[in-house]
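Architecture at a glance
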Amino acid sequence: MEQLARFGVSMAPELLEQFDALIAEKGYANRSEAIRDLIRGAVAERRWEDEQSEVAGAICIIYDHHGNAGRLVADTQHEAYRSIVSTTHVHLSHDSCLEVLVVKGRAGELRSLADAVTRVKGVKFGRLILGTTGENLP
Ligand code: NI
């Protein structure tokens, strides 16, 4: 098991109370695990701010099955095939499709790809989920 570093944190009792209520609601076993996740999230966001950072994440879109959205979304993905690791398509209902694109590459390029698929006419929802391992990806 990797060696863990310890550090102390000072804060107002009211803030700590709110934090404890929040982590209890989310089901964390202890403060350390909750703080580690918050720090990983902040590190991921910082890496995604640097357009040249190598990062990984997912793009989730929901679009109208009828019309041209499916073809236009596929065209956009073919243009960015180097950044897309895999795609999952779910037929949500008679009218709607959900797709999750697992993406890996430079943060700037992945943001552009997320914008491109989200602005396609007929795409009703689009979100980029920022991920990082905290290390440089190969
Ligand atoms: Ni479908």
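Residues numbered from 1 in each chain as written. Predicted model: local features only at pLDDT ≥ 70, side-chain atom pairs only at ≥ 80, totals over all residues. Heavy atoms only, no water.

1. Brief notes about the coordination of the nickel ion
All of the protein donors around the nickel ion are His89 (NE2), His91 (ND1) and Cys97 (SG); their distances to the metal are 2.0 to 2.4 Å. Judged by relative accessible area, which is 3%, Cys97 ranks as buried. (Donors = N, O, S within 2.8 Å, 3.2 Å for Na, K, Ca; no water. Buried < 20%, exposed > 50% of the residue type's maximum accessible area, 1.4 Å probe, protein only.)

2. Side note on a nonpolar patch on the surface
Together, Phe7, Val9, Met11, Leu15, Ile39 and Val43 make up a nonpolar patch on the protein surface, roughly 560 Å² of accessible area in all. Structurally, Leu15 is set in helix 1 (residues 13-26). Classification of Leu15 as partly exposed rests on a relative accessible area of 48%. (Patch = residues over 30% accessible without salt bridge, like charges linked within 9 Å, V, L, I, M, F, W, Y side chains within 5 Å. Areas by Shrake-Rupley, 256 points an atom, 1.4 Å probe, with all protein chains shown as cover. Salt bridge = Lys/Arg side-chain N within 4 Å of Asp/Glu carboxyl O. Helix = DSSP H or I, 4+ residues; strand = E, 2+ residues; numbered from the N terminus.)

3. A look at the confidence of the model for the chain
Chain-level pLDDT for the chain is 92 on average; 95% of the residues reach the 70-or-more range. When mean pLDDT is taken per element in the chain, strand 2 (residues 84-91) scores highest with 97 and helix 2 (residues 31-49) scores lowest with 90. (pLDDT = per-residue confidence, 0-100.)

4. Section: helix 3 (residues 69-79)
Among all positions in helix 3, only Ala69, Val73, Thr76 and Gln77 are buried. Axial view of helix 3: buried residues confined to an arc of 100°, hence all on one face. The exposed residues of helix 3 that point more than 90 degrees off its buried face are His78 and Glu79. Buried positions along helix 3 lie against strand 1 (54-64), strand 2, strand 3 (96-106), helix 4 (107-118) and strand 4 (123-131). (Arc of directions from axis to C-beta. Contact = heavy atoms within 4.5 Å.)

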